[in-house]
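Descriptive structure summary
Spelled out from the first residue to the last, the chains are:
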Amino acid sequence: MKITSSRFEIAAYRSQDEPRALGPDVVFLGRSNVGKSSLINRLLGVRGLARTSSQPGRTQSVNFYRVNERFNFVDLPGYGYAKVPEAVRRGWGPMVEGFLERRRERIALALLVVDARHEPRELDRTMRDWLEAKGIPHLVAATKADKLSGNGRARAERVMAEGLAGSAVGRPVLASAQSGLGMGAIWRHLDRALATGGE
Ligand SMILES: Nc1nc2c(ncn2[C@@H]2O[C@H](COP(=O)(O)OP(=O)(O)O)[C@@H](O)[C@H]2O)c(=O)[nH]1
Ligand SMILES: [Mg+2]
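Let us look at the structure shown here. (Residues numbered from 1 in each chain as written. Chains lettered and ligands numbered in written order. Predicted model: local features only at pLDDT ≥ 70, side-chain atom pairs only at ≥ 80, totals over all residues. Heavy atoms only, no water.)

**Section: the packing of helix 1 (residues 36–44) against helix 5 (residues 183–196)**
Following both chains from N to C, one finds helix 1 and helix 5 inclined at 80 degrees, their axes separated by 11 Å at the closest point. By the angle class used here, helix 1 and helix 5 are roughly perpendicular. Every residue of helix 5 that contacts helix 1 at Leu 39, Arg 42, Leu 43 and Leu 44 is listed here: Met 183, Ile 186 and Trp 187. (Axes fitted to C-alpha atoms, helices over the stretch in contact; angles between N-to-C directions. Helix = DSSP H or I, 4+ residues; strand = E, 2+ residues; numbered from the N terminus. Parallel < 35°, antiparallel > 145°, perpendicular 65-115°, else oblique. Contact = heavy atoms within 4.5 Å.)

Right under this line is the structure:
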């Protein structure tokens, strides 16, 4: 797909703040600091559009980006960061699950973003289970693959396929926001999902 425009729309802290713009959502889910925002920037080819940070656990908002005035990229708050305040952590589950529940019908594809260097965690599997339970199409993107050797990448592909197997729309894609690895493969899935899925 050719990206003709992409812009930050809103950081929603409550469901009432979510934009009313029509069109399908592509949602990005994953642990804090795993590279969700960097992946969004790389996929859209705009440096600095989504704020990235080396300090995890900062964003507890749902950030909307409008792409080609037709669909939305949605950066969901990350999970699994131990140092976030308890109150924030308790709010995360209902916030994200509520979002997935509310917009289930219009989600064309959920990208479950994991770190290619690590085995999938319990929370990653929980997310995969939520997506499956709600019937939301999803794909695993194992990012930061630039930090692995060729052998490490081959191994990571196997580990992800085994650890997060399920009803994903395709095999886990090894990706890197730094090198651009995997962007073509992810876009192929997005093109297909956006042509058929969502509203
Ligand atoms: N080497 C490398 N670093 C990355 C990659 N993606 C993200 N990072 C770094 O990981 C940190 C967290 O990235 P960010 O996109 O903010 O993660 P988020 O919390 O999931 O949105 C930042 O310091 C990024 O520069 C990648 O593909 N390769
Ligand atoms: Mg982020």
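**Some remarks on the site of ligand 1**
Asn 33, Lys 36, Ser 38, Asp 146 and Ala 177 are the nearest of the 18 residues found near ligand 1. A distance of 2.7 Å separates an oxygen atom of ligand 1 from a polar side-chain atom of Lys 36. Lys 144 has a polar side-chain atom sitting 3.1 Å from an oxygen atom of ligand 1. With the chains in place, 81% of the 580 Å² that ligand 1 exposes on its own is no longer accessible. Here the shell around ligand 1 gets three residues from one element, more than from any other, and that element is helix 1. Tallied by class, residues from the shell around ligand 1 come to two nonpolar, 11 polar and five charged. (Near = heavy atom within 4 Å. Polar contact = N/O pair within 3.5 Å; in protein donor to acceptor, adjacent residues only side chain to side chain. Areas by Shrake-Rupley, 256 points an atom, 1.4 Å probe, with all protein chains shown as cover. Nonpolar A, V, L, I, M, F, W, Y, C, P; charged D, E, K, R; others polar.)

**Side note on unusual backbone geometry**
Of note in the backbone geometry, Asn 33 takes a positive phi value of approximately 75 degrees without being a glycine. Within the secondary structure, Asn 33 is located in the loop between strand 2 (25–30) and helix 1. Residue Asn 68 is not a glycine yet carries a positive backbone phi of 55 degrees. Topologically, Asn 68 is positioned in the loop between strand 3 (62–67) and strand 4 (71–75).

**Here we look at the pairing of strand 3**
In terms of burial, strand 3 is largely enclosed, as six of its six residues are buried. Burial along strand 3 is two-sided: Val 62, Phe 64 and Arg 66 facing one way and Asn 63, Tyr 65 and Val 67 facing the other are all buried. Sheet topology places strand 1 (residues 6–12) next to strand 3; six bridges connect them, and they run antiparallel. Across the sheet, the residue bridging to Arg 7 is Arg 66, located in strand 3. The pairing of strand 3 with strand 4 spans five bridges and is antiparallel. Residue pairing for strand 4: Val 67 is matched across the bridge by Phe 71. The antiparallel hairpin formed by strand 3 and strand 4 contains three residues in its connecting segment, where Asn 68 sits at a positive phi of about 55 degrees. (Buried < 20%, exposed > 50% of the residue type's maximum accessible area, 1.4 Å probe, protein only. Pairing = 2+ DSSP bridges.)

**Focus: helix 2 (residues 86–103)**
Across its 18 residues, helix 2 extends 26 Å between first and last C-alpha, which sits within 8% of the 26 Å expected from 1.5 Å per residue. Most pronounced at Trp 92, the bend in helix 2 amounts to some 30 degrees, and the proline Pro 94 follows within four residues. Those residues of helix 2 that are buried are in contact with strand 2, strand 3, strand 4, strand 5 (107–115) and helix 3 (122–133). (Expected span 1.5 Å × (residues − 1). Bend = angle between axes of the 7 residues up to and from the residue.)

**Digging into the packing of helix 2 against helix 3**
Packing of helix 2 against helix 3 leaves a shortest axis separation of 11 Å and a crossing angle of 30 degrees. Judged on the interaxial angle alone, helix 3 and helix 2 are roughly parallel. Of the two possible hands of crossing, helix 2 and helix 3 adopt the one that is right-handed. Residue-level inspection shows Trp 92, Gly 93, Val 96, Glu 97 and Leu 100 of helix 2 in contact with helix 3, the latter providing Met 127, Trp 130 and Leu 131. Residues belonging to the contact of helix 2 with helix 3 are distributed by class as follows: six nonpolar, one polar and one charged. (Left-handed = near helix turned anticlockwise from the far one by under 90°.)

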